[in-house]
Amino acid sequence: MAPTAGDRCEPSEAAPGWAHLKGLQTRSATDTITMMGERIVYLIFFHVSFVMFVWSYWKTIFTKPANPSKEFCLPKAEKERYEKEERPESQQEILWRAASTLPLYTRTGAGAIRYCDRCQVIKPDRCHHCSACDMCVLKMDHHCPWVNNCVGFSNYKFFILFLAYSLVYCLFIAATVLQYFIKFWTLCRRKSAENCPKNELNNSAKFHVLFLFFVAAMFCISILSLFSYHLWLVGKNRSTIEAFRAPVFRTGSDKNGFSLGFRKNIAQVFGDQKQYWLLPIFTSQGDGLTFPTRLVNADAEQATVTLQPDSNKCVPEVSVSPLSESQNRLLSNEQQANNADDHLAENFLKSAESETVTMESES
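Residues numbered from 1 in each chain as written. Predicted model: local features only at pLDDT ≥ 70, side-chain atom pairs only at ≥ 80, totals over all residues. Heavy atoms only, no water.

Undergrad: Honestly, a nonpolar patch on the surface in this entry has me stumped. Any pointers?
TA: A contiguous nonpolar patch, built from M36, I40, I44 and V48 and spanning about 390 Å² of accessible area, is present on the exposed surface. Within the secondary structure, I44 is located in helix α3 (residues 36-62). (Patch = residues over 30% accessible without salt bridge, like charges linked within 9 Å, V, L, I, M, F, W, Y side chains within 5 Å. Areas by Shrake-Rupley, 256 points an atom, 1.4 Å probe, with all protein chains shown as cover. Salt bridge = Lys/Arg side-chain N within 4 Å of Asp/Glu carboxyl O. Helix = DSSP H or I, 4+ residues; strand = E, 2+ residues; numbered from the N terminus.)

Set out below in structure tokens:
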């Protein structure tokens, strides 16, 4: 009797390995995870990491870089004089005079005031001009083409969280796909050994799993290296620019000039309240214009920091009155110690006077 059309199209279920392969394909297409608890954990972790990743990525992209305030702009008369002057010495004299009331502690490599001719502002500490954004950015780290934005004081925390959550997201994808990646390749060897018929659905699923695993693994490796580097920068309280070129202070260049210790360096970026560290909410300390430094003036009695230009330039001395937080902290501690000594001396004098009075009264 001639075989029917149905007999020719579908192999017999008694063929070796066919029933096992058919059942495996049915389960993999409709029900890859059988335990309900495992499904719930996967869904919660996936959506939480995905939402935090998108949130931090959104904040990194659409947060506008912070710019210097108006107090760092030259007055109109001084700006006109600066533009008319042709000698660099005279221009620096104008800048030194304008910077007398500004909290500036960094200079150029030649010891001059850092001034941006394009934005026409005196650059605050850790501020740099971004050629891609065409503006001066406070505490500029770098311009990131992946977010099409400049990473600086206003969005540096968001950028760190974006790297962290993207790393977690890629790790989760790679870890959950790895078991199916291994199963498909072991099934492929078993099929070759048993000479099982190939199935088009199984081949496409194997390609999708293979592609997803390798893409997640490659992104995970690249993001891990970048995230580790920026964590190191946060621990040292440096930007990417400062890591390659140390900032120059009154006493010379110092790559650790803004480092206040590991915990305080972390708080500079993430803030004091730890419950907000993992949320893409701005909690960084300061205003981006002034930063505490570990460099303290040798004369604690002096209430001003004097910025002196090079000796070969005819520029007068300009004193800058504002002090950094670290300097104020140390000065206040010394003042408290001096007040305590004065208080002890006064008590000693009062006790001596009282003793003399009692002795005179007894006599």
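Next comes the rest of the account.
Undergrad: Got a minute to help me understand the UniProt feature "transmembrane region" (unreviewed entry) in the protein in this structure?
TA: Mapped onto this structure's residue numbering, the UniProt feature "transmembrane region" (unreviewed entry) falls at residues 40-58, 158-182 and 207-232. Helix makes up 100% of residues 40-58 and strand makes up 0%, while its end C-alpha atoms are separated by 27 Å. (UniProt positions renumbered as here; feature names shortened; annotations may be inferred.)

Undergrad: Would you take a moment to explain the nonpolar core for this structure?
TA: In a soluble, globular protein the nonpolar side chains are often hidden away together inside. Grouped together as the largest cluster of nonpolar side chains are 24 residues, with contacts concentrated most on L95, L104, I113 and I122. Only α5 (88-98), β1 (115-116) and β2 (121-122) provide two or more residues apiece to this core. The leading source of residues in this core is α5, at three residues. Mapped onto the domain boundaries, this core takes at least three residues apiece from domain 1 (23-65 + 153-191 + 201-276) and domain 2 (70-151). When sequence neighbours within four positions are dropped, the list of residues in contact with L95 reads L74, Y82, I113, Y115 and I122. Counting 23 residues, the second-largest nonpolar core is a separate cluster that includes F53, L163, V234 and I266. (Core = buried A, V, L, I, M, F, W, Y, C linked by side-chain atoms within 4.5 Å. Buried < 20%, exposed > 50% of the residue type's maximum accessible area, 1.4 Å probe, protein only. Domains from an automatic or database assignment. Contact = heavy atoms within 4.5 Å.)

Undergrad: Looking at this structure, how should I read the environment of P280?
TA: With respect to the helices and strands, the residue P280 is situated in the loop between α9 (262-270) and β9 (305-307). Accessibility expressed as a relative area gives 1% for P280, which makes it buried. Taking C-alpha positions, P280 is 5.4 Å from S56, a pair spaced 224 residues apart along the chain. Not counting chain neighbours up to four residues away, the residues in contact with P280 comprise M52, W55, S56, K59, F158 and L161.

Undergrad: Honestly, the pattern of salt bridges in this entry has me stumped. Any pointers?
TA: A pair can form between side chains of opposite charge whenever their charged atoms are brought close. Tallying each qualifying case throughout the model produces five salt bridges. A salt bridge links R97 to E93; the shortest N-O distance between them is 3.2 Å. Placement of the pair is R97 and E93 together in helix α5, with a separation of four residues, close to one helical turn. Judged by relative accessible area, E93 falls into the partly exposed class, the value being 28%. Residue D134 is joined to R118 by a salt bridge in which the shortest nitrogen-to-oxygen separation is 2.5 Å. Here R118 lies in the loop between β1 and β2 and D134 lies in the loop between β3 (128-130) and β4 (135-137), a separation of 16 residues in the sequence.

Undergrad: For this particular structure, what's the right way to read the packing of helix α4 (residues 76-84) against α5?
TA: Geometry of a packed helix pair, given as the angle between the helix axes and the separation of the axes. Across the interface, α4 lies against α5 with an axial gap of 9 Å and an inter-helix angle of 160°. Comparing their axes, α5 and α4 come out roughly antiparallel. Crossing geometry of α4 relative to α5 is assigned as left-handed. Listed contacts from α5 to E78, R81 and Y82 of α4 are Q91, I94, L95 and R97. Within the contact of α4 with α5, the residues separate by chemical class into three nonpolar, one polar and three charged. (Axes fitted to C-alpha atoms, helices over the stretch in contact; angles between N-to-C directions. Parallel < 35°, antiparallel > 145°, perpendicular 65-115°, else oblique. Left-handed = near helix turned anticlockwise from the far one by under 90°. Nonpolar A, V, L, I, M, F, W, Y, C, P; charged D, E, K, R; others polar.)

Undergrad: What exactly am I supposed to notice about the side chain of T176 here?
TA: Relative to the helices and strands, T176 is located in helix α6 (residues 156-194). Of the polar contacts made by the side chain of T176, one reaches the backbone oxygen of F172; its length is 2.8 Å. (Polar contact = N/O pair within 3.5 Å; in protein donor to acceptor, adjacent residues only side chain to side chain.)

Undergrad: Would you take a moment to explain the environment of L163 for this structure?
TA: Along the chain, L163 falls in helix α6. Spatially, the C-alpha atom of L163 lies 8.3 Å from that of F53, the residues being 110 residues apart in sequence. Contact partners of L163, with chain neighbours within four places excluded, come to I223, L226, F227 and H230.

Undergrad: What should I look at first to understand unusual backbone geometry in this one?
TA: Of note in this structure, Q120 is not a glycine but carries a positive phi near 60°. Note on placement: Q120 falls in the loop between β1 and β2. Since its relative accessible area comes to 26%, Q120 is described here as partly exposed. Phi at R126 is positive, roughly 70°, even though this residue is not glycine. In this fold, R126 is placed in the loop between β2 and β3. Among the residues examined, R126 registers a relative accessible area of 3% and is labelled buried.

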